[in-house]
Amino acid sequence: FALAKQHPEPAMFRHRDRLKPNYDAVIIGAGGHGLAAAYYLARDYGMTDIAVLEKGYLGGGNTGRNTTIIRSNYLTPEGVKFYDESLRLWQDLAQDFDLNLFYSTRGHFTLAHTDSAIRTMRWRAEVNKHFGIESELVEPDEIKKACPHMDLTCGGKAPVMGALYHAPGSIARHDAVAWGYGRGADRRGVEIHQQTEVLGIQVESGKVTGVQTTRGNISTPRVLCAVAGFTPRLLQMVGLRSPIYVHPLQAMVSEPMKPWLDPIVVSGSLHVYVSQTARGELVMGASLDPYELHSTRSTLDFVEGLAAHMLELFPFLSHVKVVRQWAGMADMTPDFAPIMGKTAIAGFYLDAGWGTWGFKATPVCGKTMAYTVASDRTHELITKFSLDRFKNYALVGEKGAASVGH
Ligand code: FAD
Ligand code: PYC
């Protein structure tokens, strides 16, 4: 006990003073995806000689900026199977970590305001049901029952005609997810180095051999790049190209209120999505900003536009205050599906193209990328997400299930 008092275990993860000159693997990016991969590499494959390098602070990228919607009601069979596995993994995560993730199953409504939106919702419902996922097209009266405060006429502008209802739709505490994976990896021996930026990646004869950082050079035969909005910059370092384009996605929260909104509500047409946290805040977001920009600034335009659309759905909120707003950098792909797996460079693995949809996939990305890095074989769940698909015209069209207006 006396020893434990002298050297107490840190509540979360250790601060490492020194980078070693070599590691079995380097993971660039301590967001949810990089940390989850580190966690499963250590837990499932016994690989612990790993450095996770983070230029800022752990979870400070899109992981700590997202609106935490978790669902598997996608459009393509590849997407549905992949996100469904993630939803399964989410169920045991808090227990695995021994950490409260505030995972809360709420049900998820995607509102349809036009005939064509109804058709897309029906299509998604049918694909989902085919794979055993709970999704159905519901009538306005069912929406009203679950969400009595909603004005289904939307001020007469775009009345709600129906919705895709997905019962497993959930939210969780995003920071806790990053901390849980980080703590679990750290306790197994993985080193997490914050304030350590990767400036260059060494490739010799088509193979990765190391990385240059702001704190010195490291030799390694394996590099996993999980840097979301920074992917184009990192790919430049190894001479690879991708069709990723980066747009800001903004969000905001209200002051806390008594609980009144159980489900998650999304309207692509009104450019609104909203859920209420355990603390009572409304977490709200809109569409991508329409311009390409590598920045996390947030704008007055965004708040005004989103507030106006929120009031079309929930007019009674007119006196509620907005307390915070922010932006993340969304790494968008042309087909709205991720880019995952091996690349043309031996030992260089990519987890990117997560745009506006990657938080829910954190567990399954960690699992499948850990498998891919440990075995140097592409996990079967991610074969369709390879970078090569753009060269081979084998896109995985998920735009109809993206939730956020674009
Ligand atoms: P990040 O969390 O961004 O981590 C990447 C890390 O890499 C960063 O911490 C960065 O600092 C670091 N890095 C970059 N370059 C370097 C370098 N050179 N050296 C070292 N480190 C580096 N998804 C959902 O599923 N549901 C949602 O409701 C949802 N809402 C969203 C709302 C907003 C406003 C935004 C912006 C995104 C949303 N997303 C959502 C998407 C989701 O947030 C991301 O897809 C996901 O968090 C990506 O996680 P990541 O670990 O790959 O990236
Ligand atoms: O993927 O469900 C989602 C989502 C909602 C808002 C941003 N992403």
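These numbers come from a predicted model, not from an experiment.

Caption draft 1: Layout of the packing of helix α3 (residues 77–97) against helix α6 (residues 174–187). Following both chains from N to C, one finds α3 and α6 inclined at 55°, their axes separated by 10 Å at the closest point. In terms of their interaxial angle, α3 and α6 are classed as oblique. Both α3 and α6 take part in a crossing whose hand is left-handed. Residue-level contacts link W90, L93 and F97 of α3 to V177, G180, Y181 and R183 of α6. Its residues placed into classes, the contact of α3 with α6 shows five nonpolar, one polar and one charged.

Caption draft 2: Just the site of ligand 1, in detail. The local shell around ligand 1 holds 35 residues, among which E54, N62, T63, T67 and K360 are the closest. A distance of 3.0 Å separates an oxygen atom of ligand 1 from a polar atom in the backbone of H33. At 2.6 Å, a side-chain N or O of T63 approaches an oxygen atom of ligand 1. For ligand 1, whose unbound accessible area comes to 1000 Å², protein coverage reaches 97%. At the level of secondary structure, the elements contributing two or more residues to the shell around ligand 1 comprise α2 (32–45) and β13 (245–254). Across the shell around ligand 1, the residue classes tally to 15 nonpolar, 15 polar and five charged.

Thresholds applied
Residues numbered from 1 in each chain as written. Chains lettered and ligands numbered in written order. Predicted model: local features only at pLDDT ≥ 70, side-chain atom pairs only at ≥ 80, totals over all residues. Heavy atoms only, no water. Axes fitted to C-alpha atoms, helices over the stretch in contact; angles between N-to-C directions. Helix = DSSP H or I, 4+ residues; strand = E, 2+ residues; numbered from the N terminus. Parallel < 35°, antiparallel > 145°, perpendicular 65-115°, else oblique. Left-handed = near helix turned anticlockwise from the far one by under 90°. Contact = heavy atoms within 4.5 Å. Nonpolar A, V, L, I, M, F, W, Y, C, P; charged D, E, K, R; others polar. Near = heavy atom within 4 Å. Polar contact = N/O pair within 3.5 Å; in protein donor to acceptor, adjacent residues only side chain to side chain. Areas by Shrake-Rupley, 256 points an atom, 1.4 Å probe, with all protein chains shown as cover.

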